[in-house]
Amino acid sequence: MHIDVSGANNRGYLVLEDGTVFVGRLIGAEKTAIGEVVFTTAVVGYPQILTDPSYKGQIIVFTKPLVGNYGVSEDQMESDGVKAEGVVLFEATKPSHYKSVMTLEEWLAASGIPGVARVDTRALVLKLREHGVMMGAVGPEEPGALLEALRKSPRYEELSYVDLVSVQEPVELGEGRLCVGIVDCGVKKSIVKEFLKRGVRVRLVPCRRPEAAFDCDGLFLSNGPGNPQLLDSLASKVAQYAEYKKPLMGICLGHQVIAMAFGARIYKLKFGHRASNKPVRDLRFTGKTYITTHNHGYAVDPEGTELKVWAVQPDDGTVEGLYHERQPVFTTQFHPEASPGPRDTLWIFDKFLGLIERHA
Ligand SMILES: NC(=O)CC[C@H](N)C(=O)O
């Protein structure tokens, strides 16, 4: 299938692994990128999404048709730069915002990230919903060459991306009586900020060396890119930590690794949850339904483990939060730090610090 609604001279292509070709206008860097093609239905927050290290290895399709309206500014960055491999959208717009220092297109070019605009993202998303996520390539090369490159490349689920986005050596931040150890598998800046705002010290440690933070008052496992099943050595170290019965929390990839540490099964969702308006029903603490930010392609099944479910996504029943009845362990599959997204669940950070306070 060949879908061209672009009318563009400067052509760019998205080729999916099943051979489908979308023709559009090349934006950003003049190069080819390969990754897992995933879509987000978030309507704002493209700078935060593109700089979220959890998107390493992925090509992001925006379902919102106009992307770029408020440009790009430093305070929107979730890491030191764009982490997504490529971008697919309908219209890359010119910004109108007092803080904007460049356009989306200029930013992508300066970051070495290719993108394709004027793609029929409705047709593309229907395809991904039907088939499930696929590997894809974006770039200026002819579709045949892109497909060839795609076929030679390893698949998303086989590659370990966490080392590319984790700190290499421990880093201490902030001041306070209590210390939270963050196992950095690609932590978003706003998560670190939520801890620092609450007056605790933070020690960021490399994803492969969680033990460098075992002496902190609580351990936090961050969000991050890739297949959690490749992190079984991290999960067994976390299982050792859990034996101390000290406070343990995880968000997204961190939630998945903690679940693995307790023996839960990991599975891949057909096309994932990526949005900033997904409901999450709290079955235990408040009984409320929150609107939350999601970015996950994998999910957990804690059946038969000591972990219990406290939150679910009501549309498909995906487990969105776990806790332990006798140990201070608490996780969220969704992103309570939002950024972008609604701030309904920031209380999660207070809850974890409450656990730490009680166990310190
Ligand atoms: N945001 C994240 O931490 C993502 C976790 C994992 N890579 C997933 O896709 O499910």
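These figures come from a predicted structure and were not determined experimentally.

Basis of the calculations
Residues numbered from 1 in each chain as written. Predicted model: local features only at pLDDT ≥ 70, side-chain atom pairs only at ≥ 80, totals over all residues. Heavy atoms only, no water. Buried < 20%, exposed > 50% of the residue type's maximum accessible area, 1.4 Å probe, protein only. Helix = DSSP H or I, 4+ residues; strand = E, 2+ residues; numbered from the N terminus. Domains from an automatic or database assignment. Contact = heavy atoms within 4.5 Å. Buried area = accessible area lost by both parts, 1.4 Å probe. Salt bridge = Lys/Arg side-chain N within 4 Å of Asp/Glu carboxyl O. Nonpolar A, V, L, I, M, F, W, Y, C, P; charged D, E, K, R; others polar. Near = heavy atom within 4 Å. Polar contact = N/O pair within 3.5 Å; in protein donor to acceptor, adjacent residues only side chain to side chain. Areas by Shrake-Rupley, 256 points an atom, 1.4 Å probe, with all protein chains shown as cover. 1 Å grid on protein atoms, 1.4 Å probe; cavity = no way out; pocket = protein on both sides within 12 Å on 5 of 7 lines; lining within 4 Å. Points joined across faces, edges and corners; volume = space filled by probe spheres on them.

S.K.: I'd love a proper account of helix H8 (residues 253–261), names of residues and values included.
M.R.: An α-helical segment advances 3.6 residues per turn. Residues three or four places apart therefore align on the same side. Taken across its 9 residues, H8 has 9 buried, putting it largely inside the fold. Of the residues trailing H8, glycine 263 is marked for its positive phi of about 95°.

S.K.: Help me get a handle on the domain arrangement of the chain, residues and values and all.
M.R.: Accessible area lost when the parts come together is the quantity often used to give the size of an interface. Per the domain assignment, the segments of the chain are domain 1 (2–158) and domain 2 (162–359). One C-alpha centre belongs to domain 1, the other to domain 2; they are set 28 Å apart. The interface of domain 1 with domain 2 comprises 31 residues on the first partner and 24 residues on the second. Both faces considered, domain 1 and domain 2 share a buried interface measuring about 2,200 Å² in area, 52% of it formed by carbon and sulfur atoms. Viewed at the interface, domain 2 and domain 1 are joined by 2 salt bridges. A salt bridge links glutamate 157 to lysine 268; the shortest N-O distance between them is 3.7 Å. Elements represented by at least two residues in the side of domain 1 that touches domain 2 include exactly strand E4 (33–40), helix H1 (46–51) and helix H3 (121–131). Across the side of domain 1 that touches domain 2, the residue classes tally to 12 nonpolar, 9 polar and 10 charged.

S.K.: For the site of the ligand, give the residues involved together with the corresponding values.
M.R.: Contacts to the ligand come from 13 residues, most closely from Gly224, Gly226, Asn295, Gly297 and Tyr298. Between asparagine 295 and the ligand, the recorded distance is 2.9 Å, taken from a backbone N or O atom to a nitrogen atom. Here glycine 297 contributes a backbone N or O atom positioned 2.9 Å from an oxygen atom of the ligand. Relative to its free-state accessible area of 300 Å², the ligand is covered by the protein chains to the extent of 99%. At the level of secondary structure, the elements contributing two or more residues to the shell around the ligand comprise H8 and strand E17 (289–301). With 4 residues, the single largest contributor to the shell around the ligand is E17. Class assignment for the residues of the shell around the ligand results in 4 nonpolar, 9 polar and no charged.

S.K.: Explain empty space enclosed by the protein residue by residue, including any values.
M.R.: Evaluated as defined, the whole model comprises 3 cavities of 30 Å³ or more. Estimates place the volume of the largest cavity at around 160 Å³. What lines the largest cavity is a set of 22 residues, and nearest its centre among them are Tyr156, Asn295, His296, Gly297 and Tyr298. Where the lining of the largest cavity is concerned, the elements lending two or more residues are H8, strand E16 (265–282) and E17. Here the element with the most residues in the lining of the largest cavity is E16; it accounts for 6 residues. Of the residues assigned to the lining of the largest cavity, the class counts are 8 nonpolar, 10 polar and 4 charged.

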